[in-house]
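# Topology and contacts: notes
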Amino acid sequence: MFEGTRPARIFVLHCLCANCQRPTTRRVQIPRMEGAPTTVDEFIEGLEHNPVPFACGHCESLIGELVGVTIENDHVAA
Ligand SMILES: [Zn+2]
């Protein structure tokens, strides 16, 4: 096992600003380790316990609606 040498999985949160309605994305790196989320569903589940702070890049509003999550580099060999 060479856990430390694997690139982190990058989840991309797609949010819609509650104030200006513009989309914002936020990249979250999750190390590939035991217990870490490996799928979008697991990641969203984890968000309920550890919400990622939102900040609109356009108007600095702190309230956003999560509209989707994608994985950026899941094609990288584990
Ligand atoms: Zn905004």
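Structure first, text after, so check above.
Figured I'd write up the structure that's included with this text. The structure displayed is predicted, hence computed values, not measured ones.

Turning our attention to the state of the cysteines. Scanning all chains against the criterion turns up zero disulfides. Cys17 provides the cysteine sulfur closest to Cys15, a residue in no disulfide bond, and the two sulfurs are 9.6 Å apart. Its relative accessible area of 9% is what places Cys15 among the buried residues.

Taken together, the protein donors to the zinc ion comprise Cys17 (SG), Cys20 (SG), Cys56 (SG) and Cys59 (SG), at separations of 2.3 Å. Around the zinc ion, the four donor atoms sit at angles spanning 103 to 115°, and that spread fits a shape best called tetrahedral.

In this section: the pattern of salt bridges. Scanning all chains against the criterion turns up one salt bridge. The partner of Glu72 in a salt bridge is Arg27, and the shortest N-O contact between them spans 2.5 Å. Of this pair, Glu72 sits in the segment after strand E3 (64-71) while Arg27 sits in strand E2 (residues 23-30); the two residues are 45 residues apart in sequence, bridging distant segments of the chain. Assessed through its relative accessible area of 38%, Glu72 is described here as partly exposed.

So, how was this worked out
Residues numbered from 1 in each chain as written. Predicted model: local features only at pLDDT ≥ 70, side-chain atom pairs only at ≥ 80, totals over all residues. Heavy atoms only, no water. Disulfide = S-S within 2.5 Å. Buried < 20%, exposed > 50% of the residue type's maximum accessible area, 1.4 Å probe, protein only. Donors = N, O, S within 2.8 Å, 3.2 Å for Na, K, Ca; no water. Tetrahedral: all angles 85-135°; square planar, octahedral: opposite > 155°, others 65-115°. Salt bridge = Lys/Arg side-chain N within 4 Å of Asp/Glu carboxyl O. Helix = DSSP H or I, 4+ residues; strand = E, 2+ residues; numbered from the N terminus.

Taken by themselves, the reported measurements are silent on function.
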